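Read off the chains here:
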Amino acid sequence: MSTAPQALQGGEKLPKEHYLNATYGIRSWLLTTDHKRIALLYLISVTFFFFIGGIFASLIRIHLLTPGGYLVTPETYNKLFTMHGVAMIFFFLIPSIPAVLGNFLIPIMIGAKDLAFPKINLLSWYIYLVGGAFVLYSFATGGLDTGWTFYTPLSSIYSNSAVTPAVIGIFINGFSSILTGLNFIVTVHTMRAPGMTWMRLPLFVWAHYATSIIFILGTPVIAITLLLAGLERMFHFGFFNPAYGGDPILFQHLFWFYSHPAVYIMILPAMGVISEIIPTFARKPIFGYDFIAASSIGIAVIGFIVWAHHMFLTGQSTYSAVAFSFLTFLVAVPSAVKVFNWTSTLYKGSISFDTPMLYGLGFIGLFTIGGLTGLFLATLGLDIHLHDTYFVVAHFHYIMVGGAIMGYLGGIHFWWPKITGRLYPEYLARIAAIVLFIGFNLTFFPQFILGFLGMPRRYHDYPPEYQVLNVMSTAGASILALGYLLPMIYLTWSMRYGKVAGKNPWPATGLEWTTDSPPLTENFHETPVVDWEVYDFVHRPELGLQGSVSKKPAPAHGDD
Amino acid sequence: MHRTGELYGQFQTLEQQKETASLGMWVFLVTEILFFGGLFLAYTINRHAYPTAFGISGNMLSLPLGFGNTIVLIASSFTMAMSVWSAQTSRRKAVPIWLIATLVLGSTFLGIKVVEYKQKFDHHIVPGQNFDVTYCSRNQIACGLSDKDFADEQKEVKEGIEAEAEEAKKRGAANPEEVGAAALNAHAQLYFSLYFGMTGLHALHMIIGAGLLLWLIFEGFKGRFDANYNTPVENIGLYWHFVDIVWIFLFPLLYLINRHLA
């Protein structure tokens, strides 16, 4: 354990003027172009959708407590898992880290006053709200039962539920993602402070750059795909309708061309968060900076050419199945590079188990399990057995909940002092992190076994043999729910009553920690000049770490 | 894109501001390519799958109107380029004139498109319940066909049904004639779904472009665009050219493939 964080030694005061008290009133928030305020607006709205999705998840788990399905009818069950997926994926997971943490941090991390297009940034939030309103309208007027994947011809012809407003909502929401990605890419290219070279960018920024590439290349494809499905539903166009010679499988190809990379939209930013947390709490430069940065881009690129592994059972040709299987194994390489580099960073580090670090370590473990089980599914023979079983459900929840949400919460805790200027109660936060970890594993590990035993996903009923594992899963879900409620409560509490954090409570090396907490509206008092290498603890005496001053010239990135 | 061309708060220099706006536009156009890409993919796959029906359907489009529209649109790209050039060389008065010319040409395009769409309704080749690809081979007057065109139309539909029936026979259908006729109608409907989807989306982009042009004209008359500040003209120009290029691909794909001049 290292020395206590600076802030705990007391004597810190909030800066007199910061972005939260610069202006007051509802207009100053709803019409703000400050990326930090927009990030908070997003924080509130994605949390809202997280709870909507969470309620559906709870209902699913309660329903599955007993075989026979007593709580809801099969039709309602179909709607529950669909609405759970739509709310969580399109309105929570995809915008969560980029639109909240990315929005808040990217300009500060690169030493800019704001994103390149502040008004477009605000516009993207409003687009998100409009899209969200359509989807909520769909939920409120009967919901939809197509699954979040909207496969045709169910979604375009047969479903009698409120598919149209949901499709319109997701179509609209896509433009929010596109504009966010566009803003990030342009910002990273043109807004960096003097001395902030590409190889000095924090890995969080690299991860978001890669994510933005997927945003701008993938999201338009899902937009047009859903538009076509919508046109087919509304005006009887025939793009995917077999009656007209259209091909429903084409929908699946187009859908997964976006939706597989979308998985990387969810996980890459979380990887960025972890790449910040690990060196900070190991007090050590990250191992293999260049490789982690390049692997983010690698994941974004290779992630675009693996989509058909979702469709091994559609009767596609064996040759294409083999190719997609191989490519799927290939995309695991850059992910593995990251995991190895994080663990190498920990090696001989001076590790402290602060809350963000608990989330970080939890992420590495859970992501590794989620990633490796992905390889099971990429294996052609095994996939025939596991396809559309709970094994798949468990696999992607390990990535999305165990990975993306762990990363999101870790990031929220890590930068909470920067966002609010105050610290959360550390002891409570550690307990919450551990509760979350236990609850998560109890919920989803039994699902791996269920899937392996053959329980199919999306069924409202199951044979009694599966009950024990389902009860375990439901019990875990209730612990998990507690784990999510705790941070909600104490983080809100800390906004007013938390200890004042000071500029750099951990201490961490990024540029964002050199400015006030919370920062000014302009982020910095004067434009910063970066003259240190990234993640360098040694040549930064101002961090107040023991043995920090060294006569050696600056080391190359990474390996010290 | 700032109204007055002064430095915006988040930037350090005007060059940075201009470079940023321009990069933003290019990135946006990349997303647009992917957006249309989905449609082009759907088109390509189905054109490959149903060459007969797509060929016949493509022949039902009006070549003079389509060709005329292509000329109009290329001309509008020229006038747009001229307005950018005028701004870059500080010919302040010329900027709105060229922009108005662009807007007029763009509106002409949309007007011709309306005429074409109306024709499709008259010919019963709009996807939906009353879609009937053989309509014009049976209703000479309603479709306004000359005797020769009418005979061509009948011949073509007959050949189309025969070709589809041949396919049906290969698959072992009991009544290939009937199945063939139904297949031709279905596949033609798929073609016109794509036709309306692609040209409709393109037209929507034109309408948005026209709105942007109106704003530029308004600002242009104030003499705002010169060599120092012309980012909006340049960026909207990029957008306009992009929309033109989409049409340059749409025209041959939809109108020209398998077109046989009688």
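Keep in mind the model is a prediction, meaning the values are calculated, not measured.

To continue, consider the overall build of chain B. The helix and strand inventory of chain B stands at eight helices and zero strands. Going from the N terminus to the C terminus, chain B shows its helices and strands as α-α-α-α-α-α-α-α. By its C-alpha atoms, chain B is 75 × 35 × 30 Å across when sized along the principal axes. Counting only residues that meet the buried cut, chain B has 38% of its 262 residues in that class.

Counting residues at the interface gives 33 residues for chain A, matched by 28 residues for chain B. The element best represented in the side of chain A that touches chain B is helix 7 (residues 203–235) of chain A, accounting for ten residues. Each residue belonging to the side of chain A that touches chain B can be placed in one class, and the counts come to 23 nonpolar, seven polar and three charged.

Averaged over every residue, the pLDDT of chain B is 91; the share at 70 or more is 97%. The ipTM assigned to the predicted complex is 0.91, against a pTM of 0.93.

The subject of this paragraph is the packing of helix 11 (residues 355–378) of chain A against helix 14 (residues 426–453) of chain A. Residue and element names in this part refer to chain A. Viewed as axis vectors pointing N to C, helix 11 and helix 14 meet at an angle of 10°, and their least axial separation amounts to 9 Å. One finds that helix 11 runs roughly parallel with respect to helix 14. Listed contacts from helix 14 to Thr355, Leu358, Tyr359, Gly362 and Thr373 of helix 11 are Glu426, Ala429, Arg430, Ala433, Ile434, Phe437 and Phe448. Of the residues assigned to the contact of helix 11 with helix 14, the class counts are seven nonpolar, three polar and two charged.

Looking now at helix 7 (residues 176–221) of chain B. With 46 residues, helix 7 of chain B extends 66 Å between its outermost C-alpha atoms, agreeing within 8% with the 68 Å of an ideal straight helix rising 1.5 Å per residue. Where helix 7 of chain B ends, the next residue or the one after it, B:Gly223, has phi of about 70°, a positive value.

Moving on to the environment of B:Phe192. All names here are of chain B. In this fold, phenylalanine 192 is placed in helix 7. C-alpha separation for the pair phenylalanine 192 and valine 126, spaced 66 residues apart in sequence, amounts to 6.6 Å. When neighbours within four sequence positions are excluded, phenylalanine 192 is seen to be in contact with Ser57, Ile125, Val126 and Pro127.

Each value, and the rule that gives it
- In this convention, every chain numbers its residues from 1, walking through the sequence in written order.
- Numbering of ligands from 1 and lettering of chains from A proceed in the order in which they are written.
- This being a predicted model, a pLDDT of at least 70 is required before a residue's local features are given, and a value of 80 or more before pairs of side-chain atoms are given or counted; all residues contribute to the totals for chains, interfaces and linings.
- Here a helix means four or more residues in a row that DSSP labels H or I, a strand means two or more in a row labelled E, and each is numbered from the N terminus.
- Three exposure classes are used, based on other C-beta atoms lying within 10 Å of a residue's own C-beta, which is placed from the backbone: buried for 20 or more, exposed for 12 or fewer, and partly exposed in between.
- Placing C-beta atoms from the backbone, we regard two residues as in contact once those atoms come within 7 Å.
- Following the grouping adopted for this structure description, the nonpolar residues are Ala, Val, Leu, Ile, Met, Phe, Trp, Tyr, Cys and Pro, the charged ones are Asp, Glu, Lys and Arg, and the polar ones are all others, Gly among them.
- Scored between 0 and 100, pLDDT is the confidence that the predictor attaches to each residue.
- Here, axes are lines fitted to C-alpha atoms. For helices the fit covers the stretch in contact, and angles between N-to-C directions go from 0 to 180 degrees.
- Put simply, angles under 35 degrees are roughly parallel, angles over 145 are roughly antiparallel, angles from 65 to 115 are roughly perpendicular, and the rest are oblique.
- Between the first and last residue of a helix there are one fewer steps than residues, each counted as 1.5 Å, and that sum is the expected span.

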